[in-house]
Amino acid sequence: MKIFSNFESGNIHVVSADNPQDIQLTIPADNQTDISQWFHFRLETDAHQPHHFTISELATSAYPEGWPDYDVVASYDREEWFRIPAQFDGNALSFDIIPEHESMYFAYFAPYSYDRHQDLLHGAQTHPACRLETLGHTLDNNDISLLTIGEPSPEKKNIWIIGRQHPGETMAEWFIEGLVLRLLDETDTVGRSLLDKVVIHVVPNMNPDGSIRGHLRTNGVGVNLNREWQTPSMDRSPEVFLVRERMLEVGVDMFLDIHGDEAIPYNFVAGSEGTPSYNARIAHLENHFKQALLTITPEFQDDIGYDKDEPGKANLTVGSNWVGEQFKCLSYTVEMPFKDHISHADELYGWSPERSVTFGHDMLAAVWATVSEL
Ligand code: ZN
């Protein structure tokens, strides 16, 4: 029996793997941090034999509250990612599996590979209204890639959609794939009509370094990009610095920053109500957008989410708060669960890549429903 993590986004520490009935693992932290949560590894073993896994030291993981009611994600073919029921005792997550084949993968959530990321970018650029551009490079020398979708014009609004500031939140890029494919679908009137009115700037992966390294939350040098928006630098956070420069150049009329939440088993949005310039106009836009989304899909709800910031108390280093304040625009952080969306629970798959894709697809219709109000 062997356990591997020597591949893109692989991350696990093997404490002991001599006995299939007692495999002991821990999760290494993101580089230069004490933040641990993302795991991704491959088991090679005798099929049809019982295996018992324990991942320990989770009381000191980044989000201990992420483990109760969390079920492990696994795959034999790297296409279908199903759930394995797990138990959490306050410090250790344990689960049992009788593998059907000799090799299988386990992950915190279905990975979104760098190859698939490139497929998304290059598939999109074949659309006549889409331009692919490299804004610059990360500290690990990966591309910071931007899709500009729609013919730029001074009369058009500018919408920005970014994902994976937190690289382990892979559901964000699945979501963006769904949204971009709908936007570029020539047979879909929502996408075509939107592009008559707006230009959509998409950064599907803000953090390729962390994605490739197998991080949950930080870039290659341990920086949480979603706390860099007030004072980004080329030394620490070129990802934010370069995207922010382009935003300041072209403007922002609406911003969606796509994330996953470790603890909360619901889809929800977090607005910019705590920013100094929040006002009735932004509140109206937020309500309009949320009402549209509630009408379009039962995968969205607005009862459970983060506590709202007190007026004037927003943390302006956070992307959606900085953008909301800087551009006085509708600005949302969108959160999807690592666990399941429990008002529509799915025992076999939980919240999944497929549901993330569909949610992105549906959210484009909410953007369409809101555009005339911007
Ligand atoms: Zn996040």
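The structure presented is a predicted model; accordingly, all values stated were derived computationally and were not measured.

Enquirer: Can you tell me about the coordination of the zinc ion, naming the residues and giving the values?
Expert: Protein-derived coordination of the zinc ion comes from His166 (ND1), Glu169 (OE), Glu169 (OE) and His259 (ND1), at a distance range of 2.1 to 2.5 Å. Of note, the zinc ion draws all its donor residues from one chain, in the sequence arrangement H-x2-E-x89-H. Of this pair, Glu169 sits in the loop between strand 13 (157–163) and helix 2 (171–184) while His259 sits in strand 15 (residues 254–261), and the two are 90 residues apart along the sequence. With relative accessibility at 2%, the residue Glu169 sits in the buried group.

Enquirer: Can you lay out the sheet that holds strand 4 (residues 40–44) for me, pointing to particular residues and giving the numbers?
Expert: Here 5 strands make up an open sheet; going across it, the order is 1-4-10-6-7 and the pairing antiparallel. Single-partner strands in this sheet number two, and they are strand 1 (2–4) and strand 7 (82–84). When the angles between neighbouring strand axes are averaged without regard to direction, this sheet yields 35°. Here strand 1 pairs with strand 4 via 3 bridges, running antiparallel. From the neighbouring strand, Phe4 faces strand 4, where its bridge partner is Arg42.

Enquirer: Any chance you could break down the packing of aromatic side chains for me, citing the residues and the numbers?
Expert: Within this structure, the stated rule accounts for 23 aromatic pairs. Aromatic pair Phe289 and Tyr332: ring centres 5.8 Å apart, planes at 35°, arrangement tilted. Of the two residues, Phe289 is situated in helix 6 (residues 280–296) and Tyr332 in strand 17 (residues 330–337); the sequence distance between them amounts to 43 residues. A network of ring pairs unites the aromatic residues Phe39, Phe41, Phe53, Trp67, Tyr70, Phe95, Phe106, Tyr108, Phe109 and Phe338 as a single cluster.

Enquirer: Could you give an account of the layout of surface pockets, naming the residues involved and the relevant values?
Expert: Space inside the largest pocket adds up to approximately 600 Å³. Taken together, the elements giving at least two residues each to the lining of the largest pocket come down to strand 15, strand 16 (268–270), helix 7 (319–327) and strand 17. Here the residues of the lining of the largest pocket are counted per class, giving 9 nonpolar, 10 polar and 13 charged. As a volume, the second largest pocket reaches approximately 360 Å³. Lining the second largest pocket are 13 residues, with Arg78, Trp81, Pro111, Tyr112 and Ser113 positioned closest to its centre. Among the residues making up the lining of the second largest pocket, the classes are represented as 5 nonpolar, 3 polar and 5 charged.

Rules behind the numbers
- Residues numbered from 1 in each chain as written.
- Predicted model: local features only at pLDDT ≥ 70, side-chain atom pairs only at ≥ 80, totals over all residues.
- Heavy atoms only, no water.
- Donors = N, O, S within 2.8 Å, 3.2 Å for Na, K, Ca; no water.
- Helix = DSSP H or I, 4+ residues; strand = E, 2+ residues; numbered from the N terminus.
- Buried < 20%, exposed > 50% of the residue type's maximum accessible area, 1.4 Å probe, protein only.
- Pairing = 2+ DSSP bridges.
- Axes fitted to C-alpha atoms, helices over the stretch in contact; angles between N-to-C directions.
- Phe/Tyr/Trp six-rings, centres within 6.5 Å; stacked < 30°, edge-to-face > 60°.
- 1 Å grid on protein atoms, 1.4 Å probe; cavity = no way out; pocket = protein on both sides within 12 Å on 5 of 7 lines; lining within 4 Å.
- Points joined across faces, edges and corners; volume = space filled by probe spheres on them.
- Nonpolar A, V, L, I, M, F, W, Y, C, P; charged D, E, K, R; others polar.

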